[in-house]
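Each chain, written out:
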Amino acid sequence: MSEAKPFGISKWEVWEAYKRVKANQGAAGVDEQSITDFEKRLQDNLYKIWNRMSSGSYFPPPVRTVKIPKANGGERKLGIPTVSDRIAQMVVKSRLEPEVDPLFHADSYAYRPGKSALEAVGQARQRCWRYDWIVDLDIRGFFDNISHDLLIRAVKKHAKDKWVVLYIQRWLKAPVQEEDGRLVPREKGTPQGGVISPLLANLFLHYAFDRWMAKQYPQVPFERYADDAIVHGRTEAEAQEVREAIASRLRECGLELHPEKTKIVYCKDDDRRRTYPNEKFDFLGYTFRPRRSKNRFGKYFINFSPAVSDQAVKAIRAEIRSWNLHLRSDKRIEDLSGMFNPKIRGWLQYYGRYYRSALYPPMRQLDRSLARWACRKYKKLRGHLRRATHWVARISRRDPGLFAHWQMGARRSSLAGAV
């Protein structure tokens, strides 16, 4: 290691970071440089990143702010770093993650190797059957309010390389460029959208929440996905106590529970028959509530379980409408399959894991859209939506692999509703 290059960062690490950033794609930052533009001088650009990072002279540019609508109304600010900065962040993440991830709590599921949102939903489902109550936590403006001092203290505790700490400090202090071009300094928080931000968020909540819960309430299980957390309790009193204790703990760490969105929910089913104001909650795109289920003996009962949320269904319906299938009469049905089947398959794989029949209504909408497409595509079907619907049904039976939802159970009832 020379004086000119005091930090031991290899060119191979930068190359691997670039490949991961390219695989994730993403929008351009403040320099308006896309990944395609970056690749026009790939070797030169990667060399600059390596040279500056390994010499200690790398300083991140401002982060571009983009506002996106939230599912429940309002807007969320995303911070979009430049392509070069995303690669630099990936270099640091690749060094820090192996040091901290093995220490994280088993019930922390977000942005971790080998963990998934569906795993968190499944664990919450199992525990809602065993525990009568849950606390649905909502941390107000979490990513915007992370304490830099507390976060850097945690990073220093685990980072083996000084340059990891140095660059994380610089990223935390990098200004934000608003949509009107203004540069806003940042004294707290880490921008959503940064490569390193999810790992830093997990590290912060590991100390602010996970370890504290394991020590103070070892008998109380929870599932956490980033700042979205569900805490289980055996009694209403226990749930109330834990909620107040968590609120106090988060205040110590510079965070605040949203007073309206944080709520206590009763997991009502056949064996839990009292009435409570809150008997459902949303978690990771699923709504948990009492549902009619059938056991292995064919007997119906009320079960507290998850299914795709109304907000997720609304988003699915909106995306199907945005495809404007009826205006694509120049395409063959095989073309439509190639264009949209990956998205449909993704919906089914995620939202169809639990209580799959809740997906039938939006999938019926998709079949209606295909029927309207057929009406425009084929002269013999024009003006005959019912006939077009039966044509779609025949195609689905003949080639069920063409669209992922045609392989779902109860196809007959799904298509019957498309008329």
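Attention here is on the structure that accompanies the text.

About the criteria used
Position numbers for residues count from 1 along each chain, tracking the sequence in the order it is written. Owing to the predicted nature of the model, reporting of local features is limited to residues with pLDDT of at least 70; listing and counting of side-chain atom pairs is limited to 80 or more, with chain, interface and lining totals taken over all residues. With hydrogens and water stripped out, all remaining heavy atoms of the structure feed into the side-chain values. In short, DSSP must find at least two bridges between two strands for them to pair. By definition, any uninterrupted DSSP run of H or I lasting at least four residues is a helix, any uninterrupted run of E lasting at least two residues is a strand, and each is numbered from the N terminus. Angles shown run from 0 to 180 degrees and are taken between the N-to-C directions of axes, each axis being a line fitted to C-alpha atoms and, for helices, limited to the stretch in contact. Two residues qualify as a contact provided that any one of their heavy atoms is within 4.5 Å of a heavy atom in the partner residue. Centre distance within 6.5 Å is the pairing criterion for rings of Phe, Tyr and Trp, where only the six-membered ring of Trp is used; planes under 30 degrees apart are then read as stacked, over 60 as edge-to-face, and the remainder as tilted. To sort residues, take the accessible area from a 1.4 Å probe on protein chains only and compare it with the maximum for the residue type: under 20% means buried, over 50% means exposed, and anything in between is partly exposed. Nine residue types can take part in a nonpolar core, namely buried Ala, Val, Leu, Ile, Met, Phe, Trp, Tyr and Cys, and a core is a set of them joined through side-chain atoms within 4.5 Å. When a carboxyl oxygen of Asp or Glu lies within 4 Å of a side-chain nitrogen of Lys or Arg, that pair is called a salt bridge. Oblique is the label for every angle not falling under 35 degrees (roughly parallel), over 145 degrees (roughly antiparallel), or within 65 to 115 degrees (roughly perpendicular). The sense of a crossing depends on the near helix, which, turned anticlockwise from the far helix by less than a right angle, makes the crossing left-handed and, turned clockwise, makes it right-handed. Residues are grouped as follows: Ala, Val, Leu, Ile, Met, Phe, Trp, Tyr, Cys and Pro are nonpolar; Asp, Glu, Lys and Arg are charged; every other residue, Gly included, is polar. Like-charged residues are merged into a patch within 9 Å and nonpolar side chains (Val, Leu, Ile, Met, Phe, Trp, Tyr) within 5 Å, provided each residue has over 30% relative accessible area and no salt bridge. The accessible surface values rely on the Shrake-Rupley method and a 1.4 Å probe; as for residues, cover is taken only from the protein chains in view. A residue counts as positive if it is Lys or Arg and as negative if it is Asp or Glu; His and the chain ends are not included. In this description, the location of a charge corresponds to atom NZ of lysine, CZ of arginine, CG of aspartate or CD of glutamate. By definition here, a helix of n residues has an expected span of 1.5 Å times n minus one. Comment: arc refers to directions from the helix axis out to C-beta atoms.

1. Notes on the sheet that holds strand S10 (residues 286-294)
The three strands lie next to each other as S9-S10-S11, forming an open sheet whose pairing is antiparallel. In this open sheet, the two edge strands, each paired with only one partner strand, are strand S9 (281-283) and strand S11 (300-308). Going from strand to strand, the sheet's axes swing by 50° on average, the running direction of each strand aside. Pairing of S9 with S10, which is carried by three bridges, proceeds in the antiparallel orientation. The residue of S10 that forms the bridge with Asp282 is Thr287. In the packing of helix H5 (residues 117-130) onto the sheet, contacts are made with S9, S10 and S11, and the angle to S10 comes to roughly 55°.

2. Here we look at the packing of aromatic side chains
One pass over the full model with this rule turns up 25 aromatic pairs. Geometrically, the ring pair formed by Trp133 and Tyr266 is tilted, given 4.8 Å between the ring centres and 40° between the ring planes. A residue pair is termed long-range when its members are at least 10 positions apart, and Trp133 in strand S3 (residues 133-138) and Tyr266 in strand S8 (residues 263-266) qualify at 133 residues. Using a relative accessible area of 3% as the deciding quantity, one classes Trp133 as buried. Tyr266 sits in the buried class, given a relative accessible area of 4%. Aromatic pair Trp133 and Tyr276: ring centres 4.7 Å apart, planes at 85°, arrangement edge-to-face. In this pair, Trp133 sits in strand S3 while Tyr276 sits in the loop between S8 and S9, placing the two residues 143 residues apart along the sequence. For the pair Trp133 and Tyr276, one class covers both residues: buried.

3. Quick word on the sheet that holds strand S7 (residues 228-233)
Pairing is antiparallel across the open sheet formed by four strands, whose spatial order is S6-S7-S3-S8. Each having just a single partner strand, strand S6 (222-225) and S8 make up the two edges of the open sheet. Across the sheet, the mean angle separating the axes of adjacent strands is 20° when strand polarity is ignored. As defined by bridge partners, S6 adjoins S7 across four bridges and the pair is classed as antiparallel. Bridged to Phe222 within S7 is Val231. Running over the sheet, H5 touches S3, S6 and S7 and is turned about 160° from S6.

4. Overview of the nonpolar core
If you look at the biggest cluster of nonpolar residues, it comprises 72 residues, and the most contacted ones within it are Ile87, Ile168, Met213, Val231 and Ile246. Among the elements that make up this core, the one with the highest residue count is helix H9 (residues 197-216) (eleven residues). Judged by nonpolar contacts, the second largest core, of 51 residues, contains Ile134, Ile230, Tyr351 and Ala371.

5. A look at the pattern of salt bridges
Applying the stated rule across the entire model yields 23 salt bridges. Linking Glu187 and Lys173 is a salt bridge whose minimum nitrogen-to-oxygen distance equals 3.8 Å. With Glu187 in the loop between strand S5 (183-184) and H9 and Lys173 in helix H8 (residues 162-173), this residue pair connects regions lying 14 residues apart in the sequence. Given a relative accessible area of 60%, Glu187 falls into the exposed group.

6. Here we look at the packing of helix H13 (residues 360-377) against helix H14 (residues 385-398)
Running from N to C, H13 and H14 point in directions that differ by 115°, and their axes come no closer than 8 Å. Here H13 lies roughly perpendicular to H14, going by the angle between them. Between H13 and H14 the crossing geometry is right-handed. Residues Asp367, Leu370, Ala371, Arg372, Trp373, Ala374 and Cys375 of H13 form the contact with H14, whose own contacting residues are Leu385, Ala388, Thr389, Trp391 and Val392. Here the contact of H13 with H14 is built from residues that sort into nine nonpolar, one polar and two charged.

7. Considerations on a positive patch on the surface
Side chains of Lys380, Arg387, Arg394, Arg397 and Arg398 sit close together on the surface and give a patch of like positive charge. Secondary-structure assignment places Arg398 in helix H14. Since its relative accessible area comes to 66%, Arg398 is described here as exposed.

8. Some remarks on helix H11 (residues 310-322)
With 13 residues, H11 extends 18 Å between its outermost C-alpha atoms, agreeing within 8% with the 18 Å of an ideal straight helix rising 1.5 Å per residue. Of all the positions in H11, only Ala312, Val313, Ile316 and Ile320 are classed as buried. The buried residues of H11 occupy one face: seen down the axis, they fall within an arc of 100°. Every exposed residue of H11 that faces more than 90 degrees away from the buried side is listed here: Asp310, Lys314 and Arg321. Packing partners of the buried residues in H11 comprise S11, helix H12 (333-351) and H13. Backbone geometry just downstream of H11 places Asn324 in the positive-phi region, at approximately 50°.

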